[in-house]
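Listed below, chain by chain, are the residues.
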Amino acid sequence: MQRRSPSTRARRTRGGFSLLELLMALSVLGVLAAIGVAAFPPQGARAYANDLRALIQQARFEAVKRSVPVAVVWSASDGEFQTRRGSDATPCAGATLVARASPVEYRRVTVDPGFVDGEGVVWLPSGQARSCALGPFSPTIATIRDDGASRVVTVTLTGRVTIQ
């Protein structure tokens, strides 16, 4: 019978990782994760711009569906865009709040609305857009900024909503 040396026996029974090897692997993973997080800036401006686009498109749908004017207005006191159902004479002063898009839910997002307080874009039952005075309107709804990006939400007369 052949005897094995103690070093061979020790190598065979030793299994798994040492504590030092485990700590080194975790530190390398931590450095790689930190690089990955830094490479992808927060996407608050993009997310809020998408929410605002959905709010505007939903307002147009509501106007056509219900055959009443529906306005998307900027509320400076609440710091958000709101969808309101109004009358034919005063579409932006409607008392019925349908929906809202608040930037508070997004981190470090600032909104520069294209309208003054209480003004916005009105969707007519025909699906066309007008100002609150039922005339021409500014196509720029809002400029949305966060730490890494800036997005501009625009609307055409025919109802196309774009994010640039």
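Going by the structure above, here's the rest.
All values derive from a computational prediction rather than experimental measurement. (Residues numbered from 1 in each chain as written. Predicted model: local features only at pLDDT ≥ 70, side-chain atom pairs only at ≥ 80, totals over all residues. Heavy atoms only, no water.)

Visitor: Can you break down the sheet that holds strand S6 (residues 129-131) residue by residue, with the values?
Guide: Hydrogen bonds along the backbone pair up the strands of a sheet, which may run parallel or antiparallel. Pairing within the open sheet is antiparallel, and its 5 strands lie in the order S3-S2-S1-S5-S6. On the outer flanks of this sheet lie strand S3 (96-101) and S6, each paired with one strand and no other. Each strand axis lies, on average, 30° off the axis of its neighbour in the sheet, ignoring direction. (Pairing = 2+ DSSP bridges. Helix = DSSP H or I, 4+ residues; strand = E, 2+ residues; numbered from the N terminus. Axes fitted to C-alpha atoms, helices over the stretch in contact; angles between N-to-C directions.)

Visitor: Before we move on, could you go through the environment of Val68 and cite the residues and values that matter?
Guide: Note on placement: Val68 falls in the loop between helix H3 (44-66) and strand S1 (70-75). Of the residues examined, Val68 reaches a relative accessible area of 24% and is grouped as partly exposed. Each C-alpha atom, one on Val68 and one on Pro91, is 8.8 Å from the other, the two residues being 23 residues apart in sequence. Excluding its chain neighbours within four sequence positions, the residues that come into contact with Val68 are Ala63, Arg85, Trp123 and Pro125. (Buried < 20%, exposed > 50% of the residue type's maximum accessible area, 1.4 Å probe, protein only. Contact = heavy atoms within 4.5 Å.)

Visitor: I'd like a description of the side chain of Ser102, backed by residues and values.
Guide: Along the chain, the position of Ser102 falls in the loop between S3 and strand S4 (110-113). Take Ser102: its relative accessible area is 13%, and that puts it in the buried class. The residues touching Ser102, leaving out its near neighbours within four places in the chain, are Tyr48 and Glu80.

Visitor: Tell me about the environment of Val153, and please be specific about residues and values.
Guide: With respect to the helices and strands, the residue Val153 is situated in strand S8 (residues 150-155). Val153 sits in the buried class, given a relative accessible area of 0%. Along the primary structure Val153 and Ile163 are separated by 10 residues, whereas in three dimensions their C-alpha atoms are 4.6 Å apart. Those residues in contact with Val153, other than ones at most four positions away along the chain, are Ala49, Leu52, Ile56, Pro139, Thr140, Ile141, Ala142, Ile144, Val161, Thr162 and Ile163.

Visitor: I'd like to hear about H3, residue by residue, with values.
Guide: If you check H3, its first and last C-alpha atoms are 32 Å apart, about what 23 residues at 1.5 Å a residue would give, namely 33 Å. If you check which residues of H3 are buried, you get Gly44, Ala45, Tyr48, Ala49, Leu52, Leu55, Ile56, Ala59, Glu62 and Ala63. Count one or two residues on from H3 and you reach Ser67, which has phi positive near 60°. (Expected span 1.5 Å × (residues − 1).)

Visitor: Please give an account of a nonpolar patch on the surface that cites residues and values.
Guide: Taken together, the side chains of Phe17, Leu19, Leu22, Leu23, Leu26, Val28, Leu29, Val31, Leu32 and Ile35 make up a nonpolar region of the molecular surface, amounting to roughly 1,100 Å² of accessible area. Residue position: Leu22 is located in helix H2 (residues 19-39). Relative accessible area serves as the criterion here: at 42%, Leu22 is assigned to the partly exposed category. (Patch = residues over 30% accessible without salt bridge, like charges linked within 9 Å, V, L, I, M, F, W, Y side chains within 5 Å. Areas by Shrake-Rupley, 256 points an atom, 1.4 Å probe, with all protein chains shown as cover. Salt bridge = Lys/Arg side-chain N within 4 Å of Asp/Glu carboxyl O.)

Visitor: Hey, could you go over the side chain of Glu62 for me, with residue numbers and the actual values?
Guide: Mapped onto the fold, Glu62 is located in helix H3. If we ignore the near neighbours within four places in the chain, the residues touching Glu62 are Ser67 and Val70.

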